[in-house]
Amino acid sequence: MRVLGVDPGLTRCGVGVVEGVAGRPLTMLGVGVVRTPAGAELGQRLVAVEQGIEQWLDEHRPEYVAVERVFSQHNVRTVMGTAQASAVAMLCAARRGIPVALHTPSEVKAAVTGSGRADKAQVGAMVTRLLRLGAPPKPADAADALALAICHIWRAPAQNRLQQAVALHAATAPNTSKGRTA
């Protein structure tokens, strides 16, 4: 499974590609950051994020895209920028028919470090160890993107089995809403 992880942001949008399957050693295929100038007009920044993500999709051809689920912060401006960059990443993937998965920050931290409250340094250290890298990816947005990809590789098989079980149950359950009389 090849996954592009996206840590959305307008100034720095972390991107990282990881390949592998759960239970086996994983391989990093690429890591980086799509940057936009803070003083640029919003529309131009979003276009720059789109172009950067499109380049990563062209180069690495992922089967899935894992994006950090935007969560509420105190700074509404930061949340809006993050949400906009997140939407661009999802749009780029959807345009190509690539499935998108959203993972919360605490879900990613728990998957990679064992604790949903891990700090950036702990996430970077575990990403370094799990991918057998010489040093933690810099900046932290890049490490976070790799952590998203790792999280998806590890959690997708279980999530897929749950979705299949729910779909099977829905298909085979008797429909009790029809044919009832009072």
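For the structure itself, look to the data block above.
The structure displayed is predicted, hence computed values, not measured ones.

1. Here's the deal with the environment of Gly116
- Within the secondary structure layout, Gly116 lies in the loop between α3 (105–113) and α4 (120–130).
- C-alpha of Gly116 to C-alpha of Pro105: the two residues are 11 residues apart in sequence and 7.7 Å apart in space.
- With sequence-adjacent residues up to four places away left out, Gly116 is seen in contact with Ser106, Lys109 and Ala110.

2. Notes on the nonpolar core
- Ranked by internal contacts, the top residues of the largest apolar core, which has 18 residues, are Val18, Val127, Leu131 and Ile150.
- At 7 residues, helix α5 (residues 140–172) tops the list of elements feeding residues into this core.
- Contacts of Leu131, omitting those with residues within four sequence positions, involve Val18, Leu26, Thr27, Met28, Leu146 and Ile150.

3. A closer look at the packing of α3 against α4
- Remark: α3 packs on α4, axes separated minimally by 9 Å, with the N-to-C direction vectors making an angle of 50 degrees. With respect to each other, α3 and α4 are oriented oblique. Pair α3 / α4 crosses with left-handed handedness. Between α3 and α4, the residues in contact are Lys109, Val112 and Thr113 and Gln122, Val123, Met126, Val127 and Leu130, respectively.
- Residue classes in the contact of α3 with α4 are distributed as 5 nonpolar, 2 polar and 1 charged.

Basis of the calculations
- Residues numbered from 1 in each chain as written.
- Predicted model: local features only at pLDDT ≥ 70, side-chain atom pairs only at ≥ 80, totals over all residues.
- Heavy atoms only, no water.
- Helix = DSSP H or I, 4+ residues; strand = E, 2+ residues; numbered from the N terminus.
- Contact = heavy atoms within 4.5 Å.
- Core = buried A, V, L, I, M, F, W, Y, C linked by side-chain atoms within 4.5 Å.
- Buried < 20%, exposed > 50% of the residue type's maximum accessible area, 1.4 Å probe, protein only.
- Axes fitted to C-alpha atoms, helices over the stretch in contact; angles between N-to-C directions.
- Parallel < 35°, antiparallel > 145°, perpendicular 65-115°, else oblique.
- Left-handed = near helix turned anticlockwise from the far one by under 90°.
- Nonpolar A, V, L, I, M, F, W, Y, C, P; charged D, E, K, R; others polar.

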